[in-house]
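A look at the structure
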Amino acid sequence: MFTALISMFSNLIHLVLGINTPQNFPPPLPHEKEVEYFKALEGGDEDARQELILHNLRLVSHIVRKYYASNKAQDDLVSVGVIGLVKAVDSFRVSAGAKFATYAAKCIQNEILMYFRAQKKLGAEVSLNETIDVDRDGNPLTYIDVISCEESVTGEIERKICSQRALRYVETLLDQRERQIITMRYGLGGGEPMTQKEVAGVMGISRSYVSRIEKTALEKLLEGFK
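Presented here is a report on the structure given in the accompanying data block. (Residues numbered from 1 in each chain as written. Predicted model: local features only at pLDDT ≥ 70, side-chain atom pairs only at ≥ 80, totals over all residues. Heavy atoms only, no water.)

This part takes up the overall build of the protein. Secondary structure summary: the protein contains 12 helices and two strands in total. Shown N-terminal to C-terminal, the secondary structure of the protein runs as helices and strands in the order α-α-α-α-α-α-α-β-β-α-α-α-α-α. Looking at the protein as a whole, 42% of its 226 residues are labelled buried. Residue pairs at least 24 apart in sequence account for 61% of intrachain contacts in the protein once pairs closer than 6 positions are excluded. Only carbon and sulfur atoms are counted for the fraction: they give 51% of the accessible area of the protein, which is about 12700 Å². (Helix = DSSP H or I, 4+ residues; strand = E, 2+ residues; numbered from the N terminus. Buried < 20%, exposed > 50% of the residue type's maximum accessible area, 1.4 Å probe, protein only. Contact = heavy atoms within 4.5 Å. Areas by Shrake-Rupley, 256 points an atom, 1.4 Å probe, with all protein chains shown as cover.)

Next comes the structure, spelled out in structure tokens:
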């Protein structure tokens, strides 16, 4: 169920951002422009928020490629990392004086590690004592150094609340056909997620029609989260 919800959130993120591949990621923002956007965001500017997310997607891709190069599910890890990036953008404050890239990297890494724990694969994928960076004094930084227990607990609670909201929206915002397709596509009923072709075969409709209905359903769910 958790993996299915991650996949659904991933589609929502790509839908709203309109980005499908790393080659389409915009370049990082100049520092002055980044500060300008964060100040605008503090005033409620949603366009500034989207720009900050868009221009920091390369950071997510970099972290996944550098620290999880041997993992076969890199697309999933990028999607999970984007969730961490969004949390970083929403919680960062320029007045704190920290560099956003450093702060965001910790949020992204924390989100990915929580994902591994949820799948009970952390021990096989990465060691918490593995060095991932060095601080300004040359001392090694490990994963355990960048994870706060309090943040992890809070993150798990937020994840459960968000998951409950997603399931509730599936039941209340979608019509019967949309709900059926989303349930089969993401395995929300406890079964295995199905491809659009497989769903089309079950429902006796074309794959392109399944794709259109799925997109409409995801747009409704996205609107519910605003």
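A few words on the pattern of salt bridges. By the definition in use, this model includes seven salt bridges. Salt-bridge contacts for E36 lead to K33; the nearest nitrogen and oxygen are separated by 3.4 Å. Of this pair, E36 and K33 both sit in helix α2 (residues 31-42), separated by three residues, roughly a single helical turn. Residue E36 is classed as partly exposed on the basis of its relative accessible area of 44%. When the shortest N-O distance is used, the salt bridge between E46 and R49 registers 3.8 Å. With a gap of three residues between them, E46 and R49 both fall in helix α3 (residues 46-54), about one helical turn apart. Taken together, the shared-partner salt bridges in this structure form one network comprising E46, R49 and D90. (Salt bridge = Lys/Arg side-chain N within 4 Å of Asp/Glu carboxyl O.)

The next thing to look at is the packing of aromatic side chains. Applying the stated rule across the entire model yields four aromatic pairs. Measuring from centroid to centroid gives 5.1 Å for F92 and F100, while their planes differ by 70°, and the two rings are edge-to-face. Residue F100 is classed as buried on the basis of its relative accessible area, which comes to 1%. Summarising the aromatic geometry, the rings of F92 and Y103 are spaced 5.5 Å apart at their centres and angled 45° between planes, so their arrangement reads as tilted. You can see F92 sitting in the loop between α5 (74-91) and α6 (100-118) and its partner Y103 sitting in helix α6, a full 11 residues away along the chain. Classification of F92 as buried rests on a relative accessible area of 6%. The side chain of K33 reaches across the aromatic face of Y37, ending 5.1 Å from its centre. (Phe/Tyr/Trp six-rings, centres within 6.5 Å; stacked < 30°, edge-to-face > 60°. Lys NZ or Arg CZ within 6 Å of the ring centre and 35° of its normal.)

This brings us to the packing of α5 against α6. Helix packing for two helices is described by the angle between their axes and how far apart those axes are. The contact between α5 and α6 brings their axes to 8 Å, and the two run at 135°. Classed by the angle they form, the pair α5 and α6 counts as oblique. Crossing of α5 against α6: the hand is right-handed. Here D76, L77, V80, G81, I83, G84, L85, K87, A88, V89 and S91 of α5 lie close against α6, whose contacting residues are F100, Y103, A104, C107, I108, E111, I112, Y115 and F116. For the contact of α5 with α6, a count of residues per class yields 14 nonpolar, three polar and three charged. (Axes fitted to C-alpha atoms, helices over the stretch in contact; angles between N-to-C directions. Parallel < 35°, antiparallel > 145°, perpendicular 65-115°, else oblique. Left-handed = near helix turned anticlockwise from the far one by under 90°. Nonpolar A, V, L, I, M, F, W, Y, C, P; charged D, E, K, R; others polar.)

Every α-helix carries 3.6 residues per turn, so stepping three or four residues along brings you back to the same face. Taken as a whole, helix α10 (residues 176-186) has its buried residues at E178, I181, I182, M184, R185 and Y186. One side-chain oxygen of the residue at the start of α10 lies 3.2 Å from the amide nitrogen of R177, identifying that residue as D175. Within two residues after α10, G187 carries a phi angle of roughly 60°, on the positive side. (Polar contact = N/O pair within 3.5 Å; in protein donor to acceptor, adjacent residues only side chain to side chain.)

A few words on the packing of α3 against α5. Running from N to C, α3 and α5 cross one another at 135°; their axes reach a closest spacing of 10 Å. With respect to their mutual orientation, α3 and α5 come out oblique. Read as a crossing pair, α3 and α5 show a hand that is right-handed. Along its contact with α3, which presents R49, L52 and I53, the element α5 presents L85, V86, V89 and D90. Across the contact of α3 with α5, the residue classes tally to five nonpolar, no polar and two charged.

To continue, consider the environment of K220. Residue placement: K220 occurs in helix α12 (residues 207-225). According to the relative accessible area criterion, K220 is partly exposed, its value standing at 31%. For the pair formed by K220 and Y169, sequence separation is 51 residues and the distance between their alpha carbons is 8.7 Å. Leaving out residues up to four positions away in the same chain, K220 has contacts with L173, L174, D175 and E178.

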